[in-house]
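Okay, here's what each chain looks like letter by letter:
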Amino acid sequence: MFAPLPTPHEMADWDRLSARDFGIMPEMLMENASRAALQALFDALGVKAHSPANKRVLLLAGPGNNGGDATALSRHLHDLGHEVLLLHTRPRQDYKNEAAYHLELALKAGVPTRLATDLDARDLGGYDVVVDGLLGTGLSGELRPDMLNLVRLTNDLGRKAFVLALDIPSGLSGFTGRPLPEAVRANLTVTFEAAKIGIAQPEAAPYIGRLDVRPIGIPRALRKAHAPAHVLMTAGLTDLIEKPGPGLHKGTAGHVLIIGGSAGLTGAPMLAAVAAMRAGAGLATIACPADIADAVKASRPEVMILPLDSGTEWTPNMMAALEPELARFDAAVVGPGLGRAGDTANFLRAWLSTATLPTVYDADALNLLASQKELLKKIGESAIVTPHPGEMARLLDLDIAEVQARRSECCRRLAENTGAVSVLKGAASLVASANGPRAVSPYCEPNLAVAGSGDVLSGILGRLLAGGLDAYHAACLGVLWHGQAGSILARDFPYRGNMPLEIAHVLPQAIKELKGHVQR
Ligand SMILES: NC(=O)C1=CN([C@@H]2O[C@H](COP(=O)(O)OP(=O)(O)OC[C@H]3O[C@@H](n4cnc5c(N)ncnc54)[C@H](OP(=O)(O)O)[C@@H]3O)[C@@H](O)[C@H]2O)[C@H](O)CC1
Ligand SMILES: [K+]
C-alpha cells in the first residue's frame, strides 16, 4: 500500500546500519546497486541475455559513492562486451573507500577511463547511453561550476543518447526535488532501495524520466525498524476496496450525507454527491437550507435532497432538524458550497457538538474553523480535513508561501491541532495523521486543478469513510483515486479543459486501472 520515501539522511542511515548491524559492507551495496542499474538499463532498452553487446556507453563518475556506482556499472558493461568509457571527475588516487575499491576493480578488468578535465567535450559523441553518476544524495548546496558544466555536458549528449541517472539525476536535491540550479534530464532514473523523498516532489518530474526503484539488499528488518517519516501511496491501497459480492444492495454500499449549499453556491454539494456515487456509494443525500433545495437538486434524479428548516442560510436550528435523521447515514461531508453567511458558523458549532458520524471537512467548513480555532480540537480522529494551501494558511495563521515551502510539516501540524487526518491538496498531495508516517501522492495532475475538483475529492472520501475505512487509509486511497482520475483526463485533455464532473465520471475507470497496476 505504501513504499518508503527516505530523505537522503534516512537513506544514509540504512546504508550505515546495514554495515554496523548486519555486516553488509558498503562495497556489497555498491555492487548490488550497479547490478540493479544494469538490469534496469537493459530492461528499458530491451537488451536481452542473447542480444549483441553493441552499445557505446559513456559513464560519468563524480567524486562520491554515486560515482562509485557508475564505476561498478562500467565494469559490468565492459565485461559483457559493450564499448565503455568511464569519465571520472577526480584523479584516481583521490577516490576513497568503496568508490576506490570499485575503481580498482574496474581498472583491473580493463575498463577504459579518462579524467574528465583531460578531455575536450567536443571529442565526446556517438554514444547510445550516457550514465549520470556525477552526484547522488550527497549533493549539498548549489552545484559548483565544474559540476554544473558536467551536468550541462550530460544534457547536451542526452540530445542524441539515452540518459540513465543513477539514484537521482545529478543537480536535483534529494530533499526538495528542486534543481540546484540545473540538473540532468534523464530518460530513466534507477533509484536504489527506495525513491528518495525529493523524487516524489512535483518539481522533480521533468528531470526523472521513467522511475525504476530497485532493491540493493538493505535488510527488511532494518527498513522496518528505521522506517522513514514519509511514504509514497501505491496502487496496493486499492486492496482496501473489495469487488462487490452478488448480495450487495444499495443500503450496504454506504449512504453519504453531504452538508452544504448556500445561495449562489448550489453546485458544489452536487459535485460531491455525484462523486460519492461514482466512487461506489449506494446512496447520497444532500442536506441544505430548504429554500435552495430546488436549485441544489437541479433536476439530478440520482441524488436525494433533505431540505432543512426554511430560508436560504444555515442556522443552528437546522442541526435540530438534522439530528433525528443521522442514523440513516454512514458518513458525512461538511462544507461544499456551505458559505459563511449569517449563522453558518453556529450551525457548524452545533454539528461538531452533536454529530458522531465519520466526517470530511472541506471548503467553507475549513474557513469557518479557521475563524474559530477553538473548534479545531472538536474534530476528532474519525474525521478528515482537506484544505488547499490557502485554507491551510488560514488554519495555521501562515501565508501561502510558507505553507508551500513546508507542506509536510504544515500537514502534520494540522493533524496535531485537530486530531483528525489532514490532507494538503495540490501537486503531490499529502496525508498526515498526528502520529505515523506522512503519505505523499505520486500524482501531479494539472487536470485536477479546476474549480470543483476539491468537491469531487470530498465526495470520494465521504464514500470511503461510509464504506468503513479508517480516516487515514480513506484519505490515502481517495487522494490516489482522484489522482488517477486526473491522469486519465490528461490523456483525453492534454491541455486541460475538463469539467469537475468529468473527474467524477472517470472514477470507475480510474479504480479499474489502479487495481490493474497492483504488483503482487
Ligand atoms: N544505500 C544506498 O542508497 C547506497 C547508495 N549509494 C550511492 O551513494 C550515493 C551517495 O553517496 P555520497 O558519497 O554520500 O554522495 P555523492 O555521490 O552524491 O557525492 C557527494 C560528493 O559530491 C561533492 N559535492 C557535494 N555537493 C556538491 C556541489 N554542490 N557541487 C559539486 N560537488 C558537490 C562532494 O565532494 P567534494 O569532495 O567535492 O566536497 C561530496 O563529497 C547515493 O546517491 C547512491 O548513488 C551506494 O553506492 C550504495 C548504497
Ligand atoms: K546521479
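Residue positions are given per chain, counting from 1 as you read along its sequence in written order. Lettering of chains starts at A and numbering of ligands starts at 1, both following the order in which they are written. Given that this is a predicted model, residues contribute local features only at a pLDDT of at least 70 and side-chain atom pairs are listed and counted only at 80 or more, while totals for whole chains, interfaces and linings are drawn from all residues.

Caption draft 1: Region of the structure containing the sheet that holds strand β8 (residues 210–214). Two strands pair if DSSP finds at least two bridges between them. Helix and strand labels come from DSSP, where a helix needs a run of H or I of at least four residues and a strand needs a run of E of at least two; each type is numbered from the N terminus. The strand order across the open sheet built from seven strands is β4-β3-β2-β5-β6-β7-β8, with neighbouring strands paired in parallel fashion. Of all the strands in the sheet, the pair left with one neighbour each is β4 (113–115) and β8. Each strand of the sheet is rotated relative to its neighbour by a mean of 20 degrees, with strand direction disregarded. Examined bridge by bridge, strand β3 (residues 83–88) and β4 share three bridges and lie parallel to one another. Along β4, the bridge assignment pairs Leu-87 with Arg-114. Each axis is a line fitted through C-alpha atoms, and for a helix only the stretch in contact is used; angles between axes span 0 to 180 degrees, taken between their N-to-C directions.

Caption draft 2: Layout of unusual backbone geometry. Across the junction of Leu-180 and Pro-181, the peptide omega takes the value -5 degrees, indicating a cis bond. Summarising the element assignment, Pro-181 is placed in the loop between β6 (162–166) and β7 (188–192). One non-glycine residue, Ser-299, lies in positive phi territory at about 50 degrees. Of note, Ser-299 is situated in the loop between α9 (293–297) and β12 (304–308). Residue class for Ser-299 comes out exposed when judged on the 5 C-beta atoms lying within 10 Å of it. A positive phi is found at Ala-428, a non-glycine position, where the angle reads about 55 degrees. Of note, Ala-428 is situated in the loop between β16 (421–424) and β17 (430–432). Around each residue's C-beta, the other C-beta atoms within 10 Å are counted; 20 or more make the residue buried, 12 or fewer make it exposed, and counts in between make it partly exposed. All C-beta atoms are placed from the backbone.

Caption draft 3: Main features of the pairing of β7. For β7, a buried count of five out of five residues is recorded, marking the element as mostly surrounded by other parts of the structure. Neither face of β7 is exposed, since Leu-188, Val-190 and Phe-192 on one face and Thr-189 and Thr-191 on the opposite face are all buried. Relative to β7, β6 is paired through three bridges, and the arrangement is parallel. Following the sheet pairing, Leu-166 is matched in β7 by Val-190. Across five bridges, the pairing between β7 and β8 is parallel. Directly across from Val-190, in β8, lies its bridge partner Asp-212.

Caption draft 4: Looking closely at the UniProt feature "domain: YjeF C-terminal" (unreviewed entry) in the chain. Within this structure's numbering, the places UniProt gives as "domain: YjeF C-terminal" (unreviewed entry) are residues 233–514. A distance of 12 Å separates the end C-alpha atoms of residues 233–514, which is 41% helix and 13% strand. UniProt positions are given in the numbering used here, feature names are shortened, and annotations may be inferred rather than shown by experiment.

Caption draft 5: Focus on the sheet that holds strand β11 (residues 283–289). Reading across from one edge, β1-β9-β18-β17-β16-β15-β14-β13-β10-β11-β12 is the order of the 11 strands in this open sheet, with mixed pairing throughout. With one partner strand each, in any of the chains shown, β1 (2–4) and β12 form the two edges of the open sheet. Pairing analysis gives two bridges linking strand β15 (residues 384–385) to β16, with the strands arranged parallel. Opposite Val-385, over in β16, you have Ser-422 as the bridge partner. Contacts between helix α8 (residues 267–278) and the sheet are confined to β10 (255–259), β11 and β13 (331–334), with β11 contributing the most and set at about 165 degrees to the helix. Contact criterion: two residues are in contact if their C-beta atoms, reconstructed from the backbone, are within 7 Å. Strand contacts of helix α16 (residues 453–466): β10, β13, β14 (359–361) and β15, with the helix running at about 160 degrees to β13, the strand carrying the most contacts.

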